Every structure is written in structure tokens, then in C-alpha cells.
Amino acid sequence: MARLLHDRTSFVYRYMAAANYERNDSGCSNNHADVTPSDTISFEKIPRALRIGVAGNVTIEDKDGTSVTYAVASGEVLSFSPTRVMATGTTATGIVAWW
């Protein structure tokens, strides 16, 4: 089983637990964590969405390993369940995962 490691400022995701969605019956997210972009470390729990704190670009990877870069605004919510937020190509900051 994958482990979620925590430091004082962000969560670091070590291994991807395939299709490991933790959702409640209401359809709303009930957990959140700061995201540290990484080209090698995937989320342990696949998020329901990402909230962007500061505008820029965010590069996300899907379950098939395809990466796409989006131009995002401050406060924007990406309603997508990526397996990771890539460091390469990501300039947006203050990214929070909701699951």
C-alpha cells in the first residue's frame, strides 16, 4: 500500500494507488492537501479537483501517462483527476488537491 508522507508545508505523494478515489456520497470533496509538483512522484490518492492559488501554467498527467499544460487563473478549479502535477511546465503556485 502506498504511503502519504507529510512535512510541515506540503504533502508528498510517493506511489500511485491506481483508482484510489476516496469520495463521499454527497459528491463533494472532504479532504485537501497542498501539492508539490513532481515529475516522478504520483498522488497516493487521486484528487477530484485542483484549486490554483496563483495564476500560471499547470501541467498535469492522466492515468494513461499523457501530460497536458493548462493556463490557469488565480482561484480557478480544474475539475480533473490527475495522477500527478508535473514540475516541468508548472509555473502556477499554491495548488491544492481536493479529494
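The structure we're discussing is the one just above.
Residues numbered from 1 in each chain as written. Predicted model: local features only at pLDDT ≥ 70, side-chain atom pairs only at ≥ 80, totals over all residues. Heavy atoms only, no water.

Asks: Would you explain the environment of R48 in this entry?
Replies: Structurally, R48 is set in the loop between β3 (32-34) and β4 (49-51). Looking at R48, the relative accessible area reads 21%, which means it is partly exposed. (Helix = DSSP H or I, 4+ residues; strand = E, 2+ residues; numbered from the N terminus. Buried < 20%, exposed > 50% of the residue type's maximum accessible area, 1.4 Å probe, protein only.)

Asks: It is not clear to me how the sheet that holds strand β8 (residues 84-86) should be interpreted in this structure. Could you clarify?
Replies: Hydrogen bonds along the backbone pair up the strands of a sheet, which may run parallel or antiparallel. The sheet built from 3 strands is open, its strands ordered β6-β5-β8 with antiparallel pairing. Each edge of the sheet is formed by a strand with only one pairing partner; in this case those strands are β6 (67-72) and β8. Neighbour-to-neighbour, the strand axes of this sheet turn through a mean angle of 35°, independent of strand direction. The sheet contact formed by strand β5 (residues 56-61) and β6 spans 6 bridges and is antiparallel. Residue N57 lies in a different strand from β6, and its bridge partner there is A71. (Pairing = 2+ DSSP bridges. Axes fitted to C-alpha atoms, helices over the stretch in contact; angles between N-to-C directions.)

Asks: Mind showing me how you'd approach the environment of F43 here?
Replies: With respect to the helices, strands and loops of the structure, F43 is situated in the loop between β3 and β4. Residues F43 and R84, 41 residues apart in the sequence, show an inter-C-alpha distance of 5.6 Å.

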